[in-house]
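Analysis of the macromolecular model
One letter stands for each residue in the lines below.
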Amino acid sequence: MSVIEVGFIIQRPPYKSETSTLGVTHAISYQVVDMLLEEGQGVTPKVCFIGEGVLNCISGQKAMENYGVTSIESHIKNALLVDLDLYVCKEDLERFGISEDRLIDAEDMGADKKLQVVPFSEIQKILNNSKHLLVF
Amino acid sequence: MSVIEVGFIIQRPPYKSETSTLGVTHAISYQVVDMLLEEGQGVTPKVCFIGEGVLNCISGQKAMENYGVTSIESHIKNALLVDLDLYVCKEDLERFGISEDRLIDAEDMGADKKLQVVPFSEIQKILNNSKHLLVF
Amino acid sequence: MKLCIFVNDFKTVTDTVERLSAEKLGLIFIQNGVFHATIKENGKSSHLLEKPASFYVLAEDLATRGLTDADVDKRVKIVNYGDVVDLIFNEYEKIIWL
Amino acid sequence: MKLCIFVNDFKTVTDTVERLSAEKLGLIFIQNGVFHATIKENGKSSHLLEKPASFYVLAEDLATRGLTDADVDKRVKIVNYGDVVDLIFNEYEKIIWL
Amino acid sequence: MGTLTIGCFASLVGSKSLDFSLKLAKAALDKGHKVNIWLSSNATIMAKANQKHLKDYSHSEKYVRELLERGVEICECEACALARGIQKAETVEGVEWSAMHWYLAKIYNSDRVVHIGGE
Amino acid sequence: MGTLTIGCFASLVGSKSLDFSLKLAKAALDKGHKVNIWLSSNATIMAKANQKHLKDYSHSEKYVRELLERGVEICECEACALARGIQKAETVEGVEWSAMHWYLAKIYNSDRVVHIGGE
């Protein structure tokens, strides 16, 4: 009779395999999980991009044009549209020299949520509060 | 109308995937390649273990007992039995603290060949002399 | 949190394991992670063994690689699959695989 | 030898690329290897760019990751698949994939 | 006794991650726990029927059948399987097919989760 | 014009190494070269027939058919395929089945070899 938080940690770079995409799409599926649960139960994914995982968050990805697959950018936009919380590690963005204006945004699609750039200490707290952790 | 040398570089640790096994088994298949070639033609594999790849060469592997698969040790012994040249990088063995008496040997099976521990400079020469290079 | 980390690789462990903190931390070395428990690179033990954590190594994955109990660093306890299940259920709450 | 290396990953490149020598060496950055041509980690370019070699990066793999020509280090030439074929056949003799 | 859900993403034939997940499932059953397994990405191949048991290769089909008989729920990500040309009729009988929310629902109802991600 | 042999070992659905090898093969054909492709390990899935084209997944079957039509020889490692439960009848028509010496023989007769190994 409660909702649990589940931490999704995306730590691998984009397009090496399906792993980053699957992290985001599995999180998005929280929308329909109540079909398989009791009244009042639910799962709230908290998606955290850390390490090389932050490289998934650069906007302007031309994956459909070049490889005929939905870009990770599209998946991240969809995640924002369904009101998921997505966090990007501030220290890792700085380490790789990626300015925040390069990050994916779904404002044009009407999303209320944005990628949230936070220090690793915040991500640690999110993981502390999660019942289970999934590392992609 | 000649035989070419092909360098097989095994640089990944054992049993993470099939890659080390496939390196050795593809080399062993040189024995029957003449079925598909002209008279006098042939391929001589030169198998070089470098980096983490030297970890494949430790004897006493219990892969059949634990995982029901032929050990890399068995494949390496077979390679020695069919007179392949297998080289192990001396510097990497030293770096990982693996003494030469830990290495696989096929003397009990009647092999004339042994794993040849050589400095990287020798391996570089072998690769220079190879027509093609395959990194496993 | 009580966190258990499966370390399954040797040289390509991500820095996530360095950064995560937990009140109670356990590292279980499996697959090529067992080399962290056995290899002294240039004479030095794996830096992972310096962490404030409990360390375990899977016996089957040692033997598969030709490694023996004598190769294992004294800080690391040798366990089997049944022990791993007990660790997961009794000692830790969250489990991650790196 | 005239050696061409496909560098297809960013942080997990093995040290093989450091050790191999060749009279003529080319590094082609593809897949996540393109970050070597574009990311300055802690303000520093990839150490691979210090090697005495020619450097190439695959345009499609830049664009797929949201990277632009302006992100690419000046030492690196941007190429397409057709160029890669010409490099392989005309400039180098042996090719390895790390 | 608790419930363990294992998510396999990277576990391929030839990868010892596959063997690990199957052995861990068996050990948990032996200790009296309930086990669920979610197969996604390339791990969907794990439940393919008619795998030939060659000595050089890990062989998952036999273990999958044994786990099913002992009450383990095993579910394939339908899209991941279809994308690889694997039809439901080609998988071991008893393996479920569903979408990603199946995994989240099992996670909700589990005491412990081992998510085997990566390549 | 030369001959290029590509050995795919690690190329999985969902891995861009698969896409790379197919695109490189096509680019080499466009330049007038002859191309051979050897599929081993998990790359044997590349030639599986009936792959459903979903937008979230790389799709190799279409490219495999196109390359075959343009004269590329594509050969599966028989043992690797069988170990994964893939039968010859389940692969795209025109794909050869053989053992490892096929690859070495093609290497012998090639000007250039790109061996895509790893996991």
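Scroll up to find the structure this text is about.
Below is a short write-up of the structure. (Residues numbered from 1 in each chain as written. Chains lettered and ligands numbered in written order. Predicted model: local features only at pLDDT ≥ 70, side-chain atom pairs only at ≥ 80, totals over all residues. Heavy atoms only, no water.)

1. With respect to the overall build of chain E
Rules: Each helix corresponds to a stretch of at least 4 residues labelled H or I by DSSP, and each strand to a stretch of at least 2 residues labelled E; elements are numbered beginning at the N terminus. Note on method: radius of gyration uses C-alpha positions; expected globular size equals 2.2 Å times residues raised to 0.38. Any residue under 20% of the maximum accessible area for its type is buried, any over 50% is exposed, and the rest in between are partly exposed; the area is computed with a 1.4 Å probe on protein chains only. Residue contacts follow a heavy-atom distance rule, with two residues in contact if any of their heavy atoms lie within 4.5 Å.
A tally of helices and strands in chain E yields four helices and five strands. Each helix (α) and strand (β) of chain E, taken in turn from the N terminus, gives the series β-α-β-α-β-α-β-α-β. Against the globule reference of 14 Å for 119 residues, chain E gives a C-alpha radius of gyration of 13 Å, in line with a compact fold. Taken along the three principal axes of its C-alpha coordinates, chain E extends 35 × 30 × 25 Å. Counting only residues that meet the buried cut, chain E has 74% of its 119 residues in that class. Sequence-distant contacts in chain E: of pairs separated by 6 or more residues, those separated by 24 or more amount to 73%.

2. Let's talk about the arrangement of the chains
Spatially, chain A is disjoint from chain B: no contact exists, and the shortest C-alpha separation is 15 Å. At their nearest point, the C-alpha atoms of chain C and chain F are still 13 Å apart, with no contact between the two.

3. Points about the pairing of strand β2 (residues 24-29) of chain D
All names here are of chain D. Our working rule: The criterion for strand pairing is that DSSP finds at least two bridges linking the strands in question.
Extensive coverage of β2 is indicated by the burial of five of its six residues. Across four bridges, the pairing between β2 and strand β3 (residues 54-58) is parallel. Bridge pairing links G26 to S54 in β3.

4. Brief notes about the packing of aromatic side chains
Our working definition: Ring pairs shown here join Phe, Tyr and Trp side chains whose ring centres sit within 6.5 Å, with only the six-membered ring taken for Trp; geometry is labelled stacked below 30 degrees between planes, edge-to-face above 60, and tilted in between. Whether a charge lies above a ring is judged from NZ of Lys or CZ of Arg, which has to be within 6 Å of the ring centre and within 35 degrees of the ring normal.
Using the criterion set out here, one finds 24 aromatic pairs over all chains in the structure. Ring geometry for B:F8 against B:F136: centres 5.9 Å apart, planes inclined by 5 degrees, an arrangement best described as stacked. Residue B:F8 is found in strand β1 (residues 3-10), and its partner B:F136 is found in the segment after β5 (132-135); the two are separated by 128 residues along the sequence. By the burial criterion, B:F8 is buried, and B:F136 matches it. When the centroid spacing of 5.6 Å and the interplanar angle of 50 degrees are considered together, the rings of D:F10 and D:F35 count as tilted. Here the residue D:F10 occupies a position in the loop between β1 (2-7) and α1 (16-19), and D:F35 occupies one in helix α2 (residues 35-38), the gap between them amounting to 25 residues. Of the two residues, D:F10 and D:F35, neither departs from the other in class, the shared state being buried. Members of the aromatic cluster, connected to one another through ring pairs, are A:F8, A:F136, E:F9, E:W38, E:W102 and E:Y103. Positioned above the aromatic ring of A:Y67 is the side chain of F:K23, whose terminal nitrogen or guanidinium carbon lies 4.7 Å from the ring centre.

5. Considering the state of the cysteines
Using the following cut-off: By definition, disulfides here are pairs of cysteine sulfur atoms that lie within 2.5 Å.
This model, assessed by the stated rule, comprises zero disulfides over all chains. Take D:C4: it sits in no disulfide, and the sulfur closest to it among the cysteines is that of F:C8, at 16 Å.

6. Here we look at the pairing of strand β3 (residues 85-89) of chain A
All names here are of chain A. Counting buried positions over the five residues of β3 gives five, a clear majority of the element. One ladder, built from four bridges, connects strand β2 (residues 42-49) with β3; its direction is parallel. The residue of β3 that forms the bridge with C48 is Y87. Here β3 pairs with strand β4 (residues 116-118) via three bridges, running parallel. Residue pairing across strands places C89 opposite V118, the latter belonging to β4.

7. A closer look at the sheet that holds strand β5 (residues 94-97) of chain D
All names here are of chain D. Selection criterion: Orientation is described by axes fitted as lines to C-alpha atoms, over the contacting stretch for helices, and by angles from 0 to 180 degrees between their N-to-C directions.
A sheet is described by the order of its strands in space; here five strands give the open sequence β4-β3-β2-β1-β5, paired in parallel fashion. Strands with a single pairing partner mark the edges of an open sheet, and in this sheet they are β4 (76-79) and β5. Averaged over neighbouring strand pairs, the angle between their axes works out to 25 degrees when direction is ignored. Where β1 lies against β5, four bridges are found, and the strand directions are parallel. Residue L3 lies in a different strand from β5, and its bridge partner there is K94.

8. Focus on the environment of F:G32
All names here are of chain F. Inspection of the secondary structure assignment puts G32 in the loop between α1 (16-30) and β2 (34-39). The exposure class assigned to G32 is partly exposed, which follows from its relative accessible area of 43%. Placed 30 residues apart in sequence, G32 and G2 show a C-alpha to C-alpha distance of 8.0 Å.

9. Remarks on empty space enclosed by the protein
Which entries qualify depends on this criterion: Buriedness for pockets is judged along seven lines, at least five of which must meet protein on both sides within 12 Å for an open set on the 1 Å grid over protein atoms alone, while cavities are sets there where a 1.4 Å probe fits but cannot get out, and lining residues have an atom within 4 Å of a point. Grid points are joined across faces, edges and corners, and a volume is the space filled by probe spheres set on the points. Note that Gly is not counted as nonpolar here; it falls among the polar residues with everything else outside the nonpolar set of Ala, Val, Leu, Ile, Met, Phe, Trp, Tyr, Cys and Pro and the charged set of Asp, Glu, Lys and Arg.
By the definition in use, this model includes two cavities of 30 Å³ or more. Space inside the largest cavity adds up to approximately 90 Å³. Forming the boundary of the largest cavity are twelve residues, of which B:E18, B:T21, B:V69, E:K16 and E:D56 lie nearest the centre. For the lining of the largest cavity, the per-class residue count stands at four nonpolar, five polar and three charged. In this model, the second largest cavity occupies a volume close to 40 Å³. Forming the boundary of the second largest cavity are E:I45, E:K48, E:R84, E:I86, F:I45, F:K48, F:R84 and F:I86. Along the lines of polarity and charge, the residues of the lining of the second largest cavity split into four nonpolar, no polar and four charged.

10. With respect to the sheet that holds strand β2 (residues 24-29) of chain C
Residues and elements named next belong to chain C. The strand order β4-β3-β2-β1-β5 describes an open sheet built from five strands, whose pairing is parallel. The open sheet terminates on both sides in strands that have one partner only, identified here as β4 (76-79) and β5 (94-97). Ignoring strand direction, the axes of neighbouring strands in this sheet form an average angle of 25 degrees.

11. What about the packing of helix α4 (residues 81-91) of chain C against helix α1 (residues 16-30) of chain E?
What counts, and what does not: Angle categories: roughly parallel below 35 degrees, roughly antiparallel above 145, roughly perpendicular from 65 to 115, and oblique for all the rest.
Running from N to C, α4(C) and α1(E) cross one another at 75 degrees; their axes reach a closest spacing of 9 Å. Here α4(C) is positioned roughly perpendicular relative to α1(E), judged by the angle of their axes. Mapping the contact onto sequence places C:Y81, C:G82, C:V84, C:V85 and C:I88 in α4(C) and E:F20, E:K23, E:L24, E:A27 and E:A28 in α1(E). A breakdown of the residues in the contact of α4(C) with α1(E) according to their chemical character gives eight nonpolar, one polar and one charged.

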